[in-house]
Amino acid sequence: MVKKKACVFISGAGTNLKALIHASRFYNFPINISLIISNKKKAGGIRLAKLFSIKYDVINLNNRLHEIKLLNEIKRNKISIICLAGYMKILSKNFINRFKGIIINIHPSLLPKYKGLNTFSRVLKNNEKITGCTVHLVNENLDGGKIILKKKLNISKNEKVESLKKRTQLLEYRAFSESIVKLYRGN
Ligand code: GRF
């Protein structure tokens, strides 16, 4: 099977990236990770790029020239899908429109609830009983594009931010790869 080339954008530890790298090792997983872009040179995920010999670049996207550099890299590497895996920078309208329908993001809540940052503390503060994660297409609205897949979990009685984060992230690892399969196979 010919796999599509994916680019993963990160800003932090890269645990979702790690899960995607592992999934992509399966022969029937639809993508290969060909490029990793970090906006931070100290992002933990860069270690994974080195470990797995995946091409990477640090591009801060602070100005138009950075964006042109990024657009060129994506083009040069024949990227078919862009996965935002804990990427903490807002992409420009221009960038999003250029790659409409092929940028996906993972968010640690059941969208449309709890868009934006600090989802776990807000979820707990509101005494929610259920939360989860969502993979969605990226459009110009923050955490607002078409939903591909959601996964739910029950919040425990004495749940704390840290435990909820951990449990949600475990769910995210499955959700991200399942949504990529869903996107390509339509199931
Ligand atoms: C994930 O929980 C994701 O939902 C959020 O940022 C976190 C990134 O974690 N957008 P990691 O870098 O993949 O470990």
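Further up the page is the structure itself.
Below you will find a few notes about this structure. (Residues numbered from 1 in each chain as written. Predicted model: local features only at pLDDT ≥ 70, side-chain atom pairs only at ≥ 80, totals over all residues. Heavy atoms only, no water.)

The local shell around the ligand consists of Gly 12, Ala 13, Gly 14, Thr 15, Asn 16, Gly 86, Ile 106, Pro 108, Gln 169 and Glu 172. Measuring from an oxygen atom of the ligand, one finds a backbone N or O atom of Gly 14 at 2.8 Å. For the ligand, the accessible surface in isolation is 360 Å², of which the surrounding protein chains cover 85%. Residues of the shell around the ligand, tallied by class, amount to three nonpolar, six polar and one charged. (Near = heavy atom within 4 Å. Polar contact = N/O pair within 3.5 Å; in protein donor to acceptor, adjacent residues only side chain to side chain. Areas by Shrake-Rupley, 256 points an atom, 1.4 Å probe, with all protein chains shown as cover. Nonpolar A, V, L, I, M, F, W, Y, C, P; charged D, E, K, R; others polar.)

All right, on to the nonpolar core then. Residues Val 8, Leu 17, Ile 33, Cys 83, Ile 104 and Phe 176 are the most contacted members of the largest nonpolar core, which totals 36 residues. Top element by residues in this core is helix H6 (residues 161–185). It accounts for five residues. Residue contacts for Phe 176: discarding those within four places in its chain leaves Asn 16, Leu 20, Cys 83, Leu 84, Ala 85, Ile 104, Ile 106 and Val 135. Membership of the second largest hydrophobic core comes to 19 residues, among which are Leu 35, Ile 59, Ile 82 and Ile 103. (Core = buried A, V, L, I, M, F, W, Y, C linked by side-chain atoms within 4.5 Å. Buried < 20%, exposed > 50% of the residue type's maximum accessible area, 1.4 Å probe, protein only. Helix = DSSP H or I, 4+ residues; strand = E, 2+ residues; numbered from the N terminus. Contact = heavy atoms within 4.5 Å.)

If you walk through the whole model with that rule in mind, you get five salt bridges. Residues Lys 69 and Asp 57 are paired through a salt bridge, measuring 3.4 Å at the closest nitrogen-oxygen approach. Placement of the pair is Lys 69 in helix H3 (residues 64–76) and Asp 57 in strand S3 (residues 55–58), with a sequence separation of twelve residues. Using a relative accessible area of 17% as the deciding quantity, one classes Asp 57 as buried. As a salt-bridge pair, Glu 159 and Arg 167 come within 2.5 Å of each other at their nearest N and O atoms. Under the relative-accessibility criterion, Arg 167 is labelled partly exposed at 30%. (Salt bridge = Lys/Arg side-chain N within 4 Å of Asp/Glu carboxyl O.)

Looking now at the state of the cysteines. In total, this model carries zero disulfides according to the counting rule given. Cys 7 carries a free sulfur, and the closest cysteine sulfur to it, the one in Cys 83, is 8.3 Å from it. Here Cys 7 falls in the buried class, since its relative accessible area comes to 0%. No disulfide involves Cys 133; its sulfur sits 14 Å from that of Cys 83, the nearest cysteine. (Disulfide = S-S within 2.5 Å.)

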